[in-house]
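# Architecture at a glance
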Amino acid sequence: MKFLIVLALIGAAAATPLSADQAALVKGAWDKVKTSEVEILAAVFTAYPDIQAKFPAFAGKDLASVKGSAAFALHATRIVSFISEVISLSGNSATAPAIETLATELASNHKNRGVTQAQFNEFRTALTNYVSSNASWGDNVASAWNQAFDNVYAIIFARL
Ligand code: HEM
Ligand SMILES: *[C@@H]1O[C@H](CO)[C@@H](O)[C@H](O)[C@H]1NC(C)=O
């Protein structure tokens, strides 16, 4: 039993932090899309209407009718700002605890809203599609991007 607990702890710690080079690749890709907040959220909702359905302000509404609203821009900006903040903290072991704090808060807010791991994975898929088709993208960028998501999602999923 103790052995299993030790293994579990090693597993949790096995997140591979981004190197400075990997963080630079992620930042470079993100910089190309981070001012397209509304388009990003619209792409997520289009691909996965079940995510839209969890937002009280947008549930049951036609995307085209809410996309231009101030409420939509506000939500889109919150989500994109969160990602920008996490990315800006990546690639530096000194700021890993700050990422952990942000991810933990996000998990607890979203757990309270009944958001599932499957939905977080959907969000990841839609966002990755958006970024990979709108920034210069190659295996090195993809691998850094995926590592970043794996790290943050490991923290979130442990608490969701
Ligand atoms: C994947 C499915 C997700 C669903 C269904 C979801 C749903 C929601 C809902 C319902 C709210 C509250 C909106 C309101 O005030 O009425 C919210 C807020 C927020 N979401 Fe999400 N969310 C998801 C994923 C994410 C992800 C992946 C991020 C960040 C990368 C994120 C970042 C935020 C932020 C920063 C807020 C505002 C702060 C807060 O109230 O927690 N969300 N989300
Ligand atoms: C790339 O960006 C454009 C413009 O914002 C957007 O319409 C398109 O959906 C994006 N690509 C993907 C795959 O989401």
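Residues numbered from 1 in each chain as written. Chains lettered and ligands numbered in written order. Predicted model: local features only at pLDDT ≥ 70, side-chain atom pairs only at ≥ 80, totals over all residues. Heavy atoms only, no water.

### So, the confidence of the model for the protein
Predicted confidence across the protein gives a mean pLDDT of 92, with 91% of residues reaching 70 or more. Of the regions scoring below 50 in pLDDT, residues 3-13 engages in zero contacts with residues more than four places distant in sequence or in other chains. (pLDDT = per-residue confidence, 0-100. Contact = heavy atoms within 4.5 Å.)

### Digging into the coordination of the iron atom of ligand 1
For the iron atom of ligand 1, the protein supplies a single donor, H110 (NE2), at a distance of 2.1 Å. Mapped onto the elements, H110 comes out in helix α7 (residues 96-112). (Donors = N, O, S within 2.8 Å, 3.2 Å for Na, K, Ca; no water. Helix = DSSP H or I, 4+ residues; strand = E, 2+ residues; numbered from the N terminus.)

### Overview of the site of ligand 2
Around ligand 2, the neighbouring residues are E39, N129, Y130, S133 and N134. Taking Y130, its side chain carries an N or O atom lying 2.7 Å from an oxygen atom of ligand 2. Note that an oxygen atom of ligand 2 is positioned 2.6 Å from one of the side-chain N or O atoms of N134. Contact with the protein chains hides 51% of the accessible area of ligand 2, taken as 360 Å² for the molecule alone. For the shell around ligand 2, the element with the highest residue contribution is helix α8 (residues 117-134), accounting for four residues. Looking at the shell around ligand 2 residue by residue, the class counts come to one nonpolar, three polar and one charged. (Near = heavy atom within 4 Å. Polar contact = N/O pair within 3.5 Å; in protein donor to acceptor, adjacent residues only side chain to side chain. Areas by Shrake-Rupley, 256 points an atom, 1.4 Å probe, with all protein chains shown as cover. Nonpolar A, V, L, I, M, F, W, Y, C, P; charged D, E, K, R; others polar.)

### Details of the pattern of salt bridges
Under the counting rule described, the total for this entry stands at four salt bridges. Among the ionic pairs, D150 bridges to R124, the shortest N-O distance being 2.9 Å. Separated by 26 residues along the polypeptide, D150 in helix α9 (residues 139-157) and R124 in helix α8 bring together distant segments of the chain. Taking relative accessible area as the criterion, D150 reaches 40% and is therefore assigned partly exposed. The exposure class assigned to R124 is buried, which follows from its relative accessible area of 16%. (Salt bridge = Lys/Arg side-chain N within 4 Å of Asp/Glu carboxyl O. Buried < 20%, exposed > 50% of the residue type's maximum accessible area, 1.4 Å probe, protein only.)

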